[in-house]
Structures are given as structure tokens and as C-alpha cells.
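The primary structure of each chain is shown beneath.
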Amino acid sequence: MKTVDLIIPCYNEEESLPHFYAEAEKITQKLKTYQFSFWFIDDGSTDHTLAMIQKLAATDPRIHYITFSRNFGKEAALLAGLDQSTGDYVAVMDADCQDPPSLLPDMFEYIESGYDTVATRRVTRKGEPPIRSLFARQFYKIINHLSNIEMVDGARDFRLMSRPVVDAIISCKEYNRYSKGLWSFVGFKTKWIEYTNVQRVAGESKWSFWKLFKYAIEGIVAFSTVPLTLAAFFGILFCFIAFIIILIVIVKTLIFGDPATGWPSLICIIMFMGGLQLFFLGIIGEYLAKTYLEVKNRPRYIIREKK
Ligand code: UDP
Ligand code: MG
């Protein structure tokens, strides 16, 4: 019998967990040919998520859990789950039922038919704040221009993977993890299935606009160095412009002499160049900061308790 690990990152999900478990339980009963284990990863929740998981674990021996010493973020929780997994197949899914467990039977069919991994994407963003959808769309446009890795708009972190895919993901040892990119990076034969957006069953999204914005920057910095190259490009461009301006000034002075004009335009140019330099210094700083974190090689998560 093939074994399957379900990995569920949970951060303050006490309200959604019972719904999730009920739904997932039903599906595992249907898929009788597989032996399931649940891995709930409590990402330093401050509510009663852990107690809820422990309560469930007391009723079902297939339930395992890890609890972190603090909140390390969803990426860390995913990695912790993958590190623990031993199954022939591994599925990662959210605790809020936004990754409907009811898709699992189809996903298993595809993976049995020869795919290495089955990925999901939402075709609508219904129910999401419009401003968030707008920025999300722009993000995918930008990153797909900047990076050789293809990022699929609307892709979820809801996946079914075979063992080689899991091992490949774990072998990416970076500190700043951006799973959507890592999955593209490792490749493998991927089947995409589409579904319409589902609202979370209870509780609230843990992603504020600001958190998502930072995550987007993470994605770009992790998978593209084009922003760094931009600095060199603009440097050359402005050297060229400066060279032409110097020629013009020399010719003008020779012909018309040197009246003391041009102060306002000078200030404009100084401000503009100063701004541009600081902007690119910022970009370089962003990469430097990430490199600094990678070099320190701190653990990506710290486990407080495991069962
Ligand atoms: N999550 C987590 N750590 C965090 C934030 C979120 O483990 O710091 C989990 C959360 O419990 C949920 C999943 O990641 O199972 C997705 O989070 P959420 O539903 O808030 O994101 P959204 O679906 O709105 O993108
Ligand atoms: Mg959600």
C-alpha cells in the first residue's frame, strides 16, 4: 500500500481546523488504497491551535504534529513538513479549506497516470480585495519578465508530489524560500488543475498587504538578478548622456562665452542622479541583506515539540 503524508501549516487556525479535518477525513476514507498520515505544523500560533491539534491527535493515530518555538512563516512550516515526511507521496495544503481536499482524488489519478507532481491554480480571484488582485497580477507580469523561471499566475501552494520531487525541494537549502519558484526550478512533469477560488471556512487571512508585498520582493530577489544588472545599464546610459552634454557645453561656451546660467537645471540633474544612485544602492542592499542571511545559515525553523 502506498503511503501519503498530508502537510498542513497552521497559524492561528483553531476555528478552521475542525472543518478541515472533517473534510480531509472523508476524502481519506474514500481513497482506501492509500495509507494517509496527517502532519499539522503549528507555526507558533497564539490561539488554541495546538490544543485543537492535540485533541484531534488523541482520536486519530494517523495525526502527527510539530509545533514551532515561535512564528517562522508558512514557508518554514512547509519545509518542516517536507523534512518530516517519509511517504511515497506528499500533499501540502492550507488549513482553511481554501485548498479543497475534494480535489485530492483527481490529483491521485493524475499522479498515478505518470505525472511527478500535480499542482493547482485558481482561475478566479473572486472574493479577494480588488487592490490585492491588481498587485498580484502585476507581480506575476514583472517576475515572469525578470526571471528565467516561469511563475504561474494564481498558482497555489496546494500540491501533490511524488518522493523525488519532495527530495529535490528539500535539497534546495536556501534560507529565503519562495516555494512557487522552487517548484518551477526543480521542474518535473507537472499537471496543472484549475479551480475557482474558495473562501476560507473560518478566521482571517494571515497575509496583510504589506506582508504580501515583502513576499513578492522576496520572490523577485530569490529568482532574478536582473534588478542588479539594471544598475549597470542605467550607469552606462547616463555616462553616455553626460558625455553628450559635456560636448554641448564646451561648444556652447566656445561660441557664446560663459554667462552664469543653468543653476536650476543643474539642481534638477543632481537631484535626479542622487535619487537614482540611492535607488540602486537600495537594490544592491536588498541582495546583500539576503546573502547575509544565507551566509549565517541559521535554522529555518525551531521545533518545540513533535509527535
Ligand atoms: N500560515 C502559516 N504561517 C504564517 C501564515 C500562514 O503557517 O505565518 C498558514 C495558515 O495557517 C494557512 C496557510 O498558511 O493554513 C495560508 O494562509 P492564509 O489562509 O492566511 O493565506 P491566504 O490563503 O489568504 O493566501
Ligand atoms: Mg487561505
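Here the residue index of a chain counts from 1 through its sequence in written order. Written order decides the labels, with chains lettered from A and ligands numbered from 1. Note on the predicted model: pLDDT of at least 70 is required for a residue's local features to be given, and 80 or more for side-chain atom pairs to be given and counted; whole-chain, interface and lining totals, by contrast, use all residues. With hydrogens and water excluded, all non-hydrogen atoms of the structure serve as input to the side-chain values.

Peer 1: Looking at this model, I keep getting lost on the site of ligand 1. Mind explaining?
Peer 2: We call a residue near a molecule or strand whenever a single non-hydrogen atom of that residue lies within 4 Å of it. Close to ligand 1 lie 19 residues, the nearest being E13, D43, D96, Q98 and K206. Between ligand 1 and E13, the relevant distance is 2.6 Å, taken from an oxygen atom to a side-chain nitrogen or oxygen of the residue. Coverage of ligand 1 by the protein chains reaches 93% of its 530 Å² of free accessible surface. Under the rule applied, a polar contact is a pair of N or O atoms within 3.5 Å (in protein, one hydrogen donor and one hydrogen acceptor; residues adjacent in sequence only if both atoms are side-chain atoms). To be clear on the numbers: accessible area is Shrake-Rupley with a 1.4 Å probe, and residue cover counts the displayed protein chains and nothing else.

Peer 1: Can you walk me through the coordination of the magnesium ion (ligand 2) in this structure?
Peer 2: Geometry reference: four tetrahedral donors at a metal, ideal angle 109.5 degrees. Six octahedral donors, ideal angles 90 or 180 degrees. Water is not part of the atom set, so a site may look incomplete; the donors themselves are N, O and S atoms within 2.8 Å of the metal, or 3.2 Å for Na, K and Ca. Looking at the magnesium ion (ligand 2), one finds its protein donor set to be D96 (OD) and Q98 (OE1), positioned 1.9 Å from the metal centre. Each member of the pair, D96 as well as Q98, carries the same accessibility label: buried. Categorising residues by exposure relies on relative accessible area from a 1.4 Å probe, with only protein chains included: less than 20% of the type maximum marks a residue as buried, more than 50% marks it as exposed, and the intermediate range marks it as partly exposed.

Peer 1: Whenever I open this one, the packing of helix α9 (residues 226-256) against helix α10 (residues 263-296) confuses me. Can you help?
Peer 2: In a packed pair of helices, the relevant descriptors are the angle between the two axes and the axis-to-axis distance. At a minimum axis separation of 9 Å, α9 and α10 run at an interaxial angle of 155°. Classified by the angle between their axes, α9 and α10 sit roughly antiparallel to one another. Regarding α9 and α10, the two cross each other, and that crossing is left-handed. Counting all contacts with α9, which are made through P227, L228, L230, A231, F234 and F238, the residues of α10 involved are F272, M273, L276, F280, I283, I284 and Y287. Here the term charged refers only to Asp, Glu, Lys and Arg, the term nonpolar to Ala, Val, Leu, Ile, Met, Phe, Trp, Tyr, Cys and Pro, and the term polar to all other amino acids, Gly among them. Grouping the amino acids of the contact of α9 with α10 by side-chain chemistry returns 13 nonpolar, no polar and no charged. Angles here are taken between N-to-C directions and fall from 0 to 180 degrees, while the axes themselves are lines fitted to C-alpha atoms, restricted in helices to the stretch in contact. In this text, helices come from DSSP runs of H or I with a minimum length of four residues, and strands from runs of E with a minimum of two, each type numbered from the N-terminal end. Any angle from 65 to 115 degrees is called roughly perpendicular, while one under 35 is roughly parallel, one over 145 is roughly antiparallel, and all others are oblique. Left-handed describes a crossing whose near helix is turned anticlockwise from the far helix by less than a right angle; the clockwise case is right-handed. In this description, contact between two residues means that some pair of their heavy atoms is separated by no more than 4.5 Å.

Peer 1: Explain the environment of P101 here, please?
Peer 2: Within the secondary structure layout, P101 lies in the loop between β4 (89-92) and α4 (104-112). A relative accessible area of 0% places P101 in the buried class. Remark: the alpha-carbon pair of P101 and F20, spanning 81 residues in sequence, is separated by 8.2 Å. The contact partners of P101, leaving out residues within four places of it in the chain, are F20, E23, A24, I27 and M93.

Peer 1: Help me out: how do you make sense of the pattern of salt bridges in this one?
Peer 2: In the sections that follow, a salt bridge refers to a side-chain nitrogen of Lys or Arg positioned within 4 Å of a carboxyl oxygen of Asp or Glu. Taken as a whole, this structure holds 13 salt bridges when the rule is applied. A salt bridge links R156 to D99, with the nearest nitrogen and oxygen atoms 2.9 Å apart. One end of the pair, R156, is in strand β6 (residues 155-162); the other, D99, is in the loop between β4 and α4, with 57 residues separating them in the sequence. Of the two residues, R156 and D99, both sit in the buried class. Here K290 ties to E218 by a salt bridge, and the two come within 2.9 Å at their closest N and O atoms.

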